Amino acid sequence: MLSLQHSRRDLLRSSVGLASLSVPTMFQLCADAAIAPRAKRCIVIYCWGGISHYESWDPKPDAPAELRGEFATIQTATPGIHYSEHIPLMAQHSDKLAIVRSIHHKQGGHQQGMYVSLTGHDPPGGVKAKNRENWPSVGAMVSRFQEPMAGTPAAIRLPYSMYDNGTLMAGEYGGWLGPDYDPVLMKTPAGKPFGGVSRYTKRELDLKLHLPKDRILGRQALREKLERTVGAQQDYDRLDRFRKMAADMLLGSAVREAYDLESEDPRIRAMYGDHIGGQSMLLARRLTEAGVPVVQVCAGAGDLAGGGGDNWDTHRGHFPKMKNSLLPVFDRSVSALLADLEQRGLLEETLVVFLTDFGRTPKINNNGGRDHYPAVYSVALAGGGIQGGQAYGSSDSDGAQPASDACTPGDFHATVYKAMGIDSHSELVDEFDRPFQICDGQPLPLF
Amino acid sequence: MKRISCLALLVAVTLSPAGRAADPAALAAIKQIGGTVRPMAQDRSDWDVAFNLSGRELTDEGLVHVAQLDNVASLNLKGTRITGAGLVHLRQMKSLQMLHLEQTAIDDQGIKHLAGLQNLRYLNLYGTKITDKSLDQLAGLKNLQRIYVWQTAVTDDGVTRLAQALPNLKIVRGVDLSMLPATVVAPPPPPAKPIQWIATSNAADAPQSQNGDNIEVVFENKSKRNVKIVWVGYGGELKLYGELEPGKTRSQNTYANNTWLITDTDDKPLGYFICGPERCLAVIPEK
């Protein structure tokens, strides 16, 4: 395989003229690492704002009271592994979860923390959401190596984009992979919204159901006619792509069926919870089941708005907000997702990835909140060949520093790529033919 | 030159991972009926064959082509039209490790054909007609690690017997739906905003419909007679959508800025509505 490795870059560069051979196939065949993929689909759950590791997967019952917080610790279904008390349903699914308790990075702001968490790379100074120099999100990157059916987007985001006080955040887009790999934003069509601000702007795909077929075709024909008279076709290429995709779906694809939550068994819908957080997880299951390779779910209000709404940026009133608003929705929806994937036999081939900006400070501040803390926090994986029922690495007794097996977002991403059967050392080129190694981390031994 | 040789190799490798030739006729036949065939991985010489996304019309006859392919490690027949009898074609597919049969019409009669698939480690039977009899027939599959039997007729007894025969097997039964409350999770529709009734006896007064967002209009007939609900098209054409009895309501899919003409049963116009931007309430008045 060494000779193949040698010419991989040439090969990828030449991919433009080789329509008959798909890039992912060529790539897989020329990659050097011997990886047996297990996962075929990936669901990324993003806890926007920075979920506290103390009040979720890494409680510190023996820490001093000013660090420990108000919540107790509970035993999970896995002997020796404890979670915080307000995720009791998830604790019953600990056999499916691999918690990583020793992840850390150096980015203390949301924009930067989200960027490094979702891309696996530190952000440049002054990072902006729309910059094509940015690194692609892990979802976009995974989708780059998939071959979905016609009319099926390679990656979808639910249920809205992430903002901080009205500023669109960088990190969840296709970056230098180009606009074709921007995960497509879709609105979840049901569920009680998160408290706070969530912006429904610039949605690229809004599947309006029950539209008669002749009407869709009529609109399409009209648009095409208009655009022929308006101007240069290339200006419309990208819009065209989305429109075509939307039309394909509306005309009766598996994705459209999946989008129709009304067709789900009401008992299953109820299991996920009457909340957009739960209904988004259900939609993620339905979309991946219908052949969408990657679905990312924002698990929290879309705009941090100074920590005002139901997002994980709990600078004030941390404990009541966690206990009453955030953790009940998270606990129920994640538990339902894991149980539902398992009973359908989908969990073996579906990787579930939990990410967040960073953890929260050990010390509780004067407003009863915890502040940003990237020095150590917790993330998790489930399904897709990951060995559940484990906690990898540890933080110290105060939850302040990694105590063993310290790892980075890059290492975590390398683990995701490995689970998806993607060699994390592979190189891709951007539109200027500049080569990039997709990930500089090392896969964690979670398999 | 290097590139060309690599590509030439690639083409060869695509068609035959690790040098093992796949029957091109079988490949073509599988593709023809909507199946996909992919290598399990670049370094593996076995195949992943799937019909669950694009090949759901697959019937028992189609399985003949699948059986002709050597070295299939994973076969996904979820949601296809196969039956238990069709599983006879899988008898010789000894390389199978993963088999998806969920949400098909397979039954106990078909399961006996799987008894010789000694490499099987994953077997998905959720949402099928199998019973405990199937589980008993699978007790000899020593490499089986996971079996999925949610929404089937298997019982505690059958599961216990299989668990005793195969102690390392995980039998996934799923949640008991009968124990789950079926609370309605759909939020109630937004309140309908009343729109104006414009009385007229001349259909030409009702303007052509204009484009707008997809909304719903609720007609409520407060008059003492049956009325007809007629859509005024984008070109002014009239299209009857139905009749509404006195005192009844009817929800109708429509678009903002659409015009709805109301007539009596003799097609004599009484008045019309123009839909607003949101879900609207169109009250046909008493007089």
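Keep in mind that what you see is a predicted model, and the values were worked out from it rather than measured.

Calculation notes
Residues numbered from 1 in each chain as written. Chains lettered and ligands numbered in written order. Predicted model: local features only at pLDDT ≥ 70, side-chain atom pairs only at ≥ 80, totals over all residues. Heavy atoms only, no water. Helix = DSSP H or I, 4+ residues; strand = E, 2+ residues; numbered from the N terminus. Buried < 20%, exposed > 50% of the residue type's maximum accessible area, 1.4 Å probe, protein only. Contact = heavy atoms within 4.5 Å. Areas by Shrake-Rupley, 256 points an atom, 1.4 Å probe, with all protein chains shown as cover. Pairing = 2+ DSSP bridges. Core = buried A, V, L, I, M, F, W, Y, C linked by side-chain atoms within 4.5 Å. Expected span 1.5 Å × (residues − 1). Bend = angle between axes of the 7 residues up to and from the residue. Salt bridge = Lys/Arg side-chain N within 4 Å of Asp/Glu carboxyl O. Polar contact = N/O pair within 3.5 Å; in protein donor to acceptor, adjacent residues only side chain to side chain. Lys, Arg positive; Asp, Glu negative; His and termini not counted. Arc of directions from axis to C-beta. Phe/Tyr/Trp six-rings, centres within 6.5 Å; stacked < 30°, edge-to-face > 60°. Lys NZ or Arg CZ within 6 Å of the ring centre and 35° of its normal. Axes fitted to C-alpha atoms, helices over the stretch in contact; angles between N-to-C directions. pLDDT = per-residue confidence, 0-100.

A.B. asks: Could you give an account of the overall build of chain B, with specific residues and numbers?
C.D. replies: Assigned secondary structure in chain B consists of 6 helices and 16 strands. When each of the 287 residues of chain B is scored for burial, the buried share is 45%. Here the contacts in chain B between residues at least 6 apart in sequence split such that 58% fall between residues at least 24 apart. Total accessible area on chain B stands at roughly 13900 Å², and carbon and sulfur atoms take up 52% of it.

A.B. asks: Quick rundown of the pairing of strand S3 (residues 72-76) of chain B? Include the residues and the values.
C.D. replies: Residues and elements named next belong to chain B. Of all 5 residues in S3, 5 are buried; the element is thus mostly enclosed. Pairing analysis gives 4 bridges linking strand S2 (residues 47-50) to S3, with the strands arranged parallel. Bridge pairing in S3 places Trp47 opposite Val72.

A.B. asks: Can you break down the nonpolar core residue by residue, with the values?
C.D. replies: All names here are of chain A. Formed by 60 residues in total, the largest nonpolar core has its most connected members in Ile45, Trp57, Leu97, Leu287, Phe330, Val352 and Phe354. No other element matches helix H13 (residues 318-343), which puts 11 residues into this core. For Leu287, the contacting residues outside a window of four places in its chain are Ile156, Leu158, Val255, Ala258, Val292 and Val295.

A.B. asks: Explain H13(A) residue by residue, including any values.
C.D. replies: All names here are of chain A. Taking 1.5 Å per residue as the helical rise, H13 with its 26 residues ought to reach 38 Å, and the 35 Å between its terminal C-alpha atoms agrees with that figure. Leu327 marks where H13 bends most, by close to 45°; the proline Pro328 follows one to four residues later. With 20 of its 26 residues buried, H13 lies for the most part within the structure. Directly after H13, the chain includes Gly345, whose backbone phi takes a positive value near 75°.

A.B. asks: Outline unusual backbone geometry, supporting the account with residue identities and numerical values.
C.D. replies: Residue A:Pro159 follows A:Leu158 across a cis peptide bond; omega there is -25°. Following the sequence through the fold, A:Pro159 ends up in the loop between strand S5 (155-158) and strand S6 (163-164). Phi at B:Asn257 is positive, roughly 75°, even though this residue is not glycine. On the basis of relative accessible area, B:Asn257 is assigned to the partly exposed category, the value being 35%. A positive phi angle, near 65°, is found at B:Asp267, a position not held by glycine. Relative to the helices and strands, B:Asp267 resides in the loop between strand S14 (259-264) and strand S15 (269-274).

A.B. asks: Could you give an account of the pattern of salt bridges, with specific residues and numbers?
C.D. replies: A side chain with one charge can pair with a side chain of the opposite charge if their charged atoms come near. All names here are of chain A. Counted under the stated rule, the structure contains 34 salt bridges over all chains. Between Glu172 and Arg157 there is a salt bridge, with its nearest N and O atoms 3.2 Å apart. In this pair, Glu172 is assigned in the loop between strand S7 (167-168) and strand S8 (184-185) and Arg157 in strand S5, connecting sequence segments 15 residues apart. With a relative accessible area of 1%, Glu172 lands in the buried category.

A.B. asks: Can you break down the sheet that holds strand S13 (residues 249-255) of chain B residue by residue, with the values?
C.D. replies: All names here are of chain B. The 4 strands are arranged S8-S16-S10-S13 in an open sheet whose pairing can be described as mixed. The open sheet has two edge strands, strand S8 (193-194) and S13, and neither has a second partner. Both S8 and strand S16 (residues 280-284) contribute to a ladder of 2 bridges, which runs parallel. Residue pairing in the sheet places Pro194 in a bridge with Leu281 of S16.

A.B. asks: Which residues make up the side chain of A:Asp313, and what are the values?
C.D. replies: Residues and elements named next belong to chain A. Within the fold, Asp313 resides in the loop between strand S9 (294-298) and H13. For Asp313, the side chain forms a polar contact with the side chain of His110, separated by 2.8 Å. For Asp313, the side chain forms a polar contact with the side chain of Arg360, separated by 3.0 Å. Beyond its immediate stretch of four places on either side in the chain, Asp313 contacts Trp48, Gly49, His110, Leu304, Gly307, Arg360 and His372.

A.B. asks: With reference to specific residues and values, describe the pairing of S5(A).
C.D. replies: Residue and element names in this part refer to chain A. Alternating positions in S5 separate into two faces, Ala155 and Arg157 on one and Ile156 and Leu158 on the other, with burial throughout. Bridging between S5 and S9 involves 4 bridges; their strand directions are parallel. If you follow Leu158 over to S9, its bridge partner there is Val297. Here 2 bridges tie S5 to S8, and the two strands are oriented parallel to one another. In the sheet register, Ile156 faces S8, and the bridge partner there is Val184.

A.B. asks: Mind laying out the side chain of A:Asp310, listing which residues take part and the relevant values?
C.D. replies: All names here are of chain A. Examined against the element boundaries, Asp310 turns out to sit in the loop between S9 and H13. Among buried charged residues, Asp310 stands out as having no salt bridge; its nearest opposite-charge side chain is Lys321, 5.8 Å away. Ignoring sequence-local partners within four residues, the contact set of Asp310 consists of Phe194, Gly195, Gly196, Gly300, Ala301, Ser325 and Leu326.

A.B. asks: Can you lay out helix H6 (residues 156-165) of chain B for me, pointing to particular residues and giving the numbers?
C.D. replies: All names here are of chain B. Inspection of H6 places Gly158, Val159 and Leu162 among the buried residues, and these make up the whole buried set. Down the axis of H6, the sector holding all buried residues measures 95°, keeping them to one side. Exposed side chains of H6 directed beyond 90 degrees from the buried face belong to Asp156, Asp157 and Gln164. Of the surrounding elements, those touching the buried residues of H6 are helix H5 (132-137), strand S6 (146-148) and strand S7 (170-172).

A.B. asks: Describe the packing of aromatic side chains, listing the residues and the values that go with them.
C.D. replies: Evaluated as defined, the whole model comprises 16 aromatic pairs over all chains. Aromatic side chains A:Trp57 and A:Phe354 sit 5.4 Å apart centroid to centroid with 80° between the ring planes, which places their arrangement in the edge-to-face category. One end of the pair, A:Trp57, is in the loop between strand S1 (41-47) and helix H4 (65-68); the other, A:Phe354, is in strand S10 (residues 350-356), and 297 residues separate them in sequence. For the pair B:Phe219 and B:Trp260, a centre-to-centre distance of 5.5 Å together with 70° between the ring planes defines the contact as edge-to-face. Of the two residues, B:Phe219 is situated in strand S10 (residues 214-221) and B:Trp260 in strand S14; the sequence distance between them amounts to 41 residues. Exposure remark for B:Phe219: the relative accessible area of 0% places this residue in the buried category. The buried category is assigned to B:Trp260, whose relative accessible area is 1%. Three or more aromatic residues joined by ring pairs form one cluster here, namely B:Trp197, B:Phe219, B:Tyr241, B:Trp260 and B:Phe273. One residue, A:Lys130, lies across the ring of A:Tyr173, its end atom 5.7 Å from the ring centre. Taking the ring centre of A:Tyr54 as reference, the NZ or CZ of A:Arg370 above it sits at 4.1 Å.

A.B. asks: I'd like a rundown of the sheet that holds S9(A), residues and numbers included.
C.D. replies: Residues and elements named next belong to chain A. The strand order across the open sheet built from 8 strands is S8-S5-S9-S1-S10-S13-S4-S14, with neighbouring strands paired in mixed fashion. Looking at strand neighbours, the two that pair on one side only are S8 and strand S14 (390-392), the edges of this open sheet. Against the sheet, helix H12 (residues 276-289) makes contact with S1, S5 and S9, and its axis sits at roughly 160° relative to S1, the strand it touches most. Relative to S10, helix H14 (residues 409-419) is tilted by about 165°, and along the sheet it contacts strand S4 (97-103), S10 and strand S13 (377-383).

A.B. asks: Requested: an account of the confidence of the model for chain A, with residues and values cited.
C.D. replies: Taken residue by residue, chain A gives an average pLDDT of 85. The fraction at 70 or more is 80%. This stretch, residues 1-35 of chain A, has a pLDDT under 50; its non-local contacts, to residues over four places away or in other chains, come to 75 contacts.

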